[in-house]
Amino acid sequence: MKLLVSPIDREEAIIASIGGADIVDVKNPKEGSLGANFPWVIREVKAVVNGRQPISATIGDFNYKPGTAALAALGAAAAGADYIKVGLFDIQTEEQALELLTKITRAVKDYDPSKKVVASGYSDYKRINSISPFLLPAIAAEAGADVVMVDTGIKDGKSTFEFMDEKELKEFTDLAHRYGLENAIAGSLKFEDLPVLEKIGPDIIGVRGMVCGGDRRTAIRQELVEKLVAECQA
Ligand SMILES: O=C[C@H](O)COP(=O)(O)O
């Protein structure tokens, strides 16, 4: 189980990287759950991480705008992201999701085929009226994406486990693997969720609040990243 930690700037990225995260994920919570940060922040993070970990960057909680999304994805790739992550937020149909992901994947892979596209659905999809994450593995595989993920769309402290239980998260994970994709689980995860996450077996878990001491609006703490790395390895 790899650990993706989401810093918001260069300083937090150094802490996440030194603390031992497997993937350093640049985002901008001011613009939403998967809010996009600026190209120069992605470049700065890439420089300070200095090859210790791959860099991920979110491009936003998207609606049905394949052109805008493809251009944003190319921007994140060109700024240095190895994983380009999109949230299918205001997306309701399989057709919309497929077109959005196909165009993003083309933009990224035409630029550099080694870069990975992460299609993120939301565990709280019912309350935000978004597409079900269970539909995403088939669509992401058809679009040529690499990873499917769930995160929470509304960051109000409610955890993914309040919207999808262990059985559903396991189903989502197994489905991703059946389609040859990696999968990631995020959304206000807590230290006490680690044993059940181990049982579910995602390839990646994504965190911010957990390594900020519970409040994702405060800064990432190195000792908590180190604690999480140690617990994931134990
Ligand atoms: O990609 C991971 C997210 O940043 C998770 O953030 P959170 O743990 O605060 O919900």
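Residues numbered from 1 in each chain as written. Predicted model: local features only at pLDDT ≥ 70, side-chain atom pairs only at ≥ 80, totals over all residues. Heavy atoms only, no water.

Draft legend 1. Region of the structure containing the site of the ligand. Near the ligand you find 16 residues, and of these Lys 27, Lys 155, Ser 188, Gly 209 and Arg 216 are the closest. The backbone of Ser 188 places a nitrogen or oxygen atom 2.7 Å from an oxygen atom of the ligand. Relative to its unbound accessible surface of 300 Å², the ligand loses 100% to contact with the protein. When each cavity is represented as a set of grid points, the ligand is found to reside in the largest pocket. Its residues placed into classes, the shell around the ligand shows four nonpolar, five polar and seven charged. (Near = heavy atom within 4 Å. Polar contact = N/O pair within 3.5 Å; in protein donor to acceptor, adjacent residues only side chain to side chain. Areas by Shrake-Rupley, 256 points an atom, 1.4 Å probe, with all protein chains shown as cover. 1 Å grid on protein atoms, 1.4 Å probe; cavity = no way out; pocket = protein on both sides within 12 Å on 5 of 7 lines; lining within 4 Å. Sits in = over half its atoms within 2 Å of the grid points. Nonpolar A, V, L, I, M, F, W, Y, C, P; charged D, E, K, R; others polar.)

Draft legend 2. A look at helix 9 (residues 222-233). Helix length check: helix 9 (12 residues) gives 17 Å between terminal C-alpha atoms against 16 Å at 1.5 Å per residue, within 8%. Three or more residues of helix 9 are buried, namely Leu 224, Val 225, Leu 228, Val 229 and Cys 232. Seen end-on, helix 9 carries its buried residues on one side only, within an arc spanning 140°. Of the surrounding elements, those touching the buried residues of helix 9 are strand 1 (2-5), helix 1 (10-19), helix 8 (194-200) and strand 8 (204-207). (Helix = DSSP H or I, 4+ residues; strand = E, 2+ residues; numbered from the N terminus. Expected span 1.5 Å × (residues − 1). Buried < 20%, exposed > 50% of the residue type's maximum accessible area, 1.4 Å probe, protein only. Arc of directions from axis to C-beta. Contact = heavy atoms within 4.5 Å.)

Draft legend 3. Region of the structure containing the packing of aromatic side chains. For the coordinates displayed, the defined rule picks out two aromatic pairs. With centroids separated by 5.0 Å and ring planes inclined at 10°, the aromatic side chains of Phe 38 and Trp 40 adopt a geometry described as stacked. On the basis of relative accessibility, which here comes to 38%, the residue Phe 38 falls in the partly exposed class. Between Phe 89 and Tyr 122, the aromatic rings sit 5.2 Å apart at their centres with planes inclined by 85°, giving edge-to-face as the arrangement. (Phe/Tyr/Trp six-rings, centres within 6.5 Å; stacked < 30°, edge-to-face > 60°.)

Draft legend 4. Quick peek at the side chain of Arg 208. By the element assignment, Arg 208 lies in the loop between strand 8 and helix 9. Of note is the side chain of Arg 208, whose polar atom sits 3.0 Å from the backbone oxygen of Thr 218. If we skip the residues at most four places from it in the chain, Arg 208 touches Ser 6, Pro 7, Ile 8, Glu 12, Arg 216, Thr 218, Ala 219 and Ile 220.

Draft legend 5. Representation of helix 6 (residues 136-143) within the structure. Where helix 6 is concerned, the buried positions are Leu 136, Pro 137, Ile 139, Ala 140 and Ala 143. Viewed along the axis of helix 6, the buried residues span an arc of 165°, placing them on a single side of the element. Close packing links the buried residues of helix 6 with strand 4 (83-90), helix 4 (94-111), strand 5 (116-122), strand 6 (147-151) and helix 7 (166-178). Gly 144 sits one or two positions beyond helix 6 and adopts a positive phi of about 90°.

Draft legend 6. Molecular detail of the side chain of Thr 58. Mapped onto the elements of the fold, Thr 58 is located in strand 3 (residues 55-63). Of note is the side chain of Thr 58, whose polar atom sits 2.7 Å from the backbone oxygen of Gly 35. Beyond its immediate stretch of four places on either side in the chain, Thr 58 contacts Asp 25, Val 26, Lys 27, Leu 34, Gly 35, Ala 36, Asn 37 and Lys 85.

Draft legend 7. Summary view of the environment of Leu 98. Structurally, Leu 98 can be placed in helix 4. Not counting chain neighbours up to four residues away, the residues in contact with Leu 98 comprise Ile 139, Glu 142 and Ala 143.

Draft legend 8. Just empty space enclosed by the protein, in detail. One pass over the full model with this rule turns up one cavity of 30 Å³ or more. In this structure, the largest cavity spans a volume of roughly 50 Å³. Forming the boundary of the largest cavity are Leu 4, Ser 56, Tyr 83, Lys 85, Val 118, Val 147, Met 149, Ala 184 and Ile 204. Mapped by element, the contributors of at least two residues to the lining of the largest cavity are strand 4 and strand 6. Classifying every residue of the lining of the largest cavity by side-chain character gives seven nonpolar, one polar and one charged. (Points joined across faces, edges and corners; volume = space filled by probe spheres on them.)

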